[in-house]
2 protein chains.
Amino acid sequence: MVRGNVMVGQSGGPTSVINSSLAGVFKTAKDAGCAHVYGMRNGIEGLLDERYVDLSDYIKNDLDIELLKRTPSSFLGTCRYKLPSAEKSPEVYERIFSILKKLGVEYFFYIGGNDSMDTIMQLSRFASKIGSDIRFMGVPKTIDNDLDCTDHTPGYGSAAKYIGTAMKEIIRDAKTYPNDSVTIVEIMGRNAGWLAAASSLSRAEDCDGPDIIYLPERIFDHDRFLEHVAERRKECGAVIVAVSEGVKTSDGRYVCEANKKSTVTDAFGHKLLGGTALYLSDFLTANTGVKSRGIVLSTLQRCASHLVSRRDITEAFMAGADATVAALNGATGKMVVFERISDAPYSMVTGICDIEKIANKEKCVPDAWITADGTGVSNEFDNYARPLIIGELSPFMVDGLPRHLFIDK
Amino acid sequence: MVRGNVMVGQSGGPTSVINSSLAGVFKTAKDAGCAHVYGMRNGIEGLLDERYVDLSDYIKNDLDIELLKRTPSSFLGTCRYKLPSAEKSPEVYERIFSILKKLGVEYFFYIGGNDSMDTIMQLSRFASKIGSDIRFMGVPKTIDNDLDCTDHTPGYGSAAKYIGTAMKEIIRDAKTYPNDSVTIVEIMGRNAGWLAAASSLSRAEDCDGPDIIYLPERIFDHDRFLEHVAERRKECGAVIVAVSEGVKTSDGRYVCEANKKSTVTDAFGHKLLGGTALYLSDFLTANTGVKSRGIVLSTLQRCASHLVSRRDITEAFMAGADATVAALNGATGKMVVFERISDAPYSMVTGICDIEKIANKEKCVPDAWITADGTGVSNEFDNYARPLIIGELSPFMVDGLPRHLFIDK
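What counts and what doesn't
- Residues numbered from 1 in each chain as written.
- Chains lettered and ligands numbered in written order.
- Predicted model: local features only at pLDDT ≥ 70, side-chain atom pairs only at ≥ 80, totals over all residues.
- Helix = DSSP H or I, 4+ residues; strand = E, 2+ residues; numbered from the N terminus.
- Rg over C-alpha atoms; globule rule 2.2 N^0.38 Å.
- Buried ≥ 20, exposed ≤ 12 C-beta atoms within 10 Å, placed from the backbone.
- Contact = placed C-beta atoms within 7 Å.
- Domains from an automatic or database assignment.
- Axes fitted to C-alpha atoms, helices over the stretch in contact; angles between N-to-C directions.
- Parallel < 35°, antiparallel > 145°, perpendicular 65-115°, else oblique.
- Left-handed = near helix turned anticlockwise from the far one by under 90°.
- Nonpolar A, V, L, I, M, F, W, Y, C, P; charged D, E, K, R; others polar.
- Pairing = 2+ DSSP bridges.
- pLDDT = per-residue confidence, 0-100.

1. Details of the overall build of chain A
- Secondary structure assignment for chain A yields 12 helices and 13 strands.
- For a compact globule of 409 residues, the expected C-alpha radius of gyration is about 22 Å, and chain A comes in at 22 Å, within 12% of that figure.
- Summarising its shape, the C-alpha atoms of chain A cover approximately 70 × 45 × 40 Å along the three principal directions.
- Expressed as a percentage of the 409 residues in chain A, the buried residues total 58%.
- For chain A, contacts bridging at least 24 residues in sequence account for 75% of all contacts bridging at least 6.

2. Brief notes about the domain arrangement of chain A
Residues and elements named next belong to chain A.
- You can read the domains of chain A as domain 1 (5–142 + 305–359 + 391–402) and domain 2 (156–303).
- The partner domain 2 presents 11 residues to the 18 residues of domain 1 that form the contact.
- For the side of domain 1 that touches domain 2, the element with the most residues is helix α11 (residues 310–328), which contributes three residues.

3. Focus: the packing of helix α1 (residues 18–31) of chain A against α11 of chain A
Residue and element names in this part refer to chain A.
- For the pair α1 and α11, the least separation of the axes is 7 Å and the interaxial angle reads 40°. When the interaxial angle is binned, α1 and α11 end up oblique. Relative to α11, the crossing made by α1 is right-handed. The residues of α11 that touch α1, namely those facing S20, S21, L22, A23, G24, V25, T28 and A29, are I313, A316, F317, M318, A319, G320, A321, A323, T324 and V325.
- For the contact of α1 with α11, the per-class residue count stands at 12 nonpolar, six polar and no charged.

4. Points about the sheet that holds strand β4 (residues 105–112) of chain B
All names here are of chain B.
- Taken together, the seven strands give an open sheet; going across it, the order is β3-β2-β1-β4-β5-β10-β11, and neighbouring strands pair in mixed fashion. Of all the strands in the sheet, just β3 (52–54) and β11 (347–354) have a single pairing partner and so form its edges. With direction set aside, neighbouring strand axes in the sheet form an average angle of 25°.
- Strand direction decides the pairing type here: strand β1 (residues 5–10) and β4, joined by six bridges, are parallel.

5. Observations concerning the confidence of the model for chain A
- For chain A, mean pLDDT is 94; residues scoring 70 or higher make up 96% of the total.
- For this predicted complex, the interface confidence comes out at an ipTM of 0.96, alongside a pTM of 0.96.

6. Concerning the sheet that holds strand β7 (residues 212–214) of chain B
Residue and element names in this part refer to chain B.
- The strand order across the open sheet formed by four strands is β7-β8-β6-β9, and the pairing between neighbours is parallel. Two strands bound the open sheet, and with one partner strand each, they are β7 and β9 (292–296). On average, each strand axis in the sheet is inclined to that of its neighbour by 20°, with strand direction left out of account.
- Relative to strand β8 (residues 238–244), β7 runs parallel, the two sharing three bridges. Looking at β8, one finds that Y214 is bridged to V243.
- Running over the sheet, helix α6 (residues 156–174) touches β6 (181–187), β8 and β9 and is turned about 165° from β6.
- Here helix α9 (residues 276–288) sits on the sheet in contact with β6, β8 and β9, set at roughly 175° to β9.

This is the structure we're talking about:
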């Protein structure tokens, strides 16, 4: 059966498994008979400049598909471009649809987070307005795990596995010295503390886990921080604090803003965060004299493809594949979602959900899962997150390092 | 054959494979008939307080040995304790020797770097002075690779593999955005640039590697830094700079000192470094307006046991084993060294070397291996370092995370 062509893009912050979703779209579309699967370079921003590739030029066989799944960051390049409203700037939409028409595109996939789902919403609304039958589907992706209407998002499990592993290793490192010290580990996450909470996964028979975890769901108080650390120092020698970069004080300001001359914002008006751990480390030493250091897990949280969760990468592929099947069956203006059937044994099914319900919304860690004093998470979080980090997928090693698939080096 | 007992300790900054050397000492000594292998907690500092364990209480079978090899940081705990001179403080030495005598110790092993070899030197000198026949052997360990008289040190290969892998992943992440940016990656290393140079290993068929590498072997010049970045920005969109935390300006000051209110030193008088990448990132943005970010690879360079070099961990075990064999055969006041027979195929043999030749000396990257403009390293470096990062050793995964052997959680 001959089908129309496909256009697929990646948007927003990359993850370790975003390319597994791309592989899922590509393979499913090709198997279903789509002649061309085009990939937009740097998302919708690149498409507007007619920058795209035919993915068959890069993915030539099943080995390439496996290599693509093991390649971190966005294979096609990404963007942080916010579509203007169709009322204000109809010419942008007309341009996109004319490019798609020229290429014979019938199915459009956008792999991304919150902001990217806004793009799918705008495009599917415009399609409906002009009577275009191009189908627009969202494929969820974000390490932040903050999308609504889905049990979790592809990318989160691998980030959580990386954070849990790094925490175990950092804790071993911190506790090897005989003297007291406080290690503050900064973890990504703007308003939702899913990633910081993942530091608790390091708690096991061989590791006590972090002594304190601060999530952005709770207001950060400098005095209570000093109290919490003082309490923990009585119990253990080296104290380990995991803190979300997004923690805020009661006046609504990010803690890290105290450290900065100016605050930069991105295209979606989000303030760029960072510096929380170093600031708190300095603050602690200045106020108590205790030796303290800040460690920033940084971009490796989202691009350490050498340490992915097998379940996450499999589900990411499934999200791309199932979005494609849904579009081929006529769906548009929807996003693939995951519905959990049970924690143990873990079981989930995919579904599709109206994009209007998802775009521009954020899902936070439930209040009931955060301990009363706001310094940790409960067992419910472990039951939820543990299944998502299970299993490994070995990188393809060449000359001692992982091999990646690439367009530009 | 019944042998005397063993005392083994770990000292200085930990590595991902320091416990493989401990496993090598333990297994070789037990196999040779030593009744007790004691481990000092927190090195010589703990021994002075009579804090030690009988390692057989923790390493009960061959599975435990494999788990110990996969455990990062110093299993026994470490210290940064400098022995006072025997002339000034003979009582310290008398105390150590009386503890060793009480425990029936005939063989003493210290796994460490430069400063730890000083400890072995002092103890073996004192033994000779008082006519003790306790044998003192050094087992090399340092991610810095800066020990003299040995081709390389256990710990370096795994740190280099981690740095090469992280660089590939960070470069993919940095180049995925359409806009220009400069990413500055800070890598450990005080006076020797072996670790920063390892960032060049990321250069391969699928990756261009960092665009600029600054080693502490060359003087850092702020104006030339701006020129180098400006040149590279013409050639490539996103520019990646790898910089050693130990780079200094012509006045002998660390670049990172510009960023600090005060400078803290450790027991050996070394200044604590850090902050170079963030400082340079701010400096670059202030002077050129280009978007820049700093990434600090931090402690994971020395404790990411989830990503060790198989060759490194095997050689680390061998270093511990061969030190034990040498001590059983009568050697004292020596350190195990590696002598390379050939790069390709890689071949090396171990030997022993007088500790006097090694202690308190630092080996730097040869001048001939650094490019003329001081922004990279030559193929000779790759020929040297590549064999050291080859092969993997899978962690033992439990509930999604690597399992470790431990004394204290």
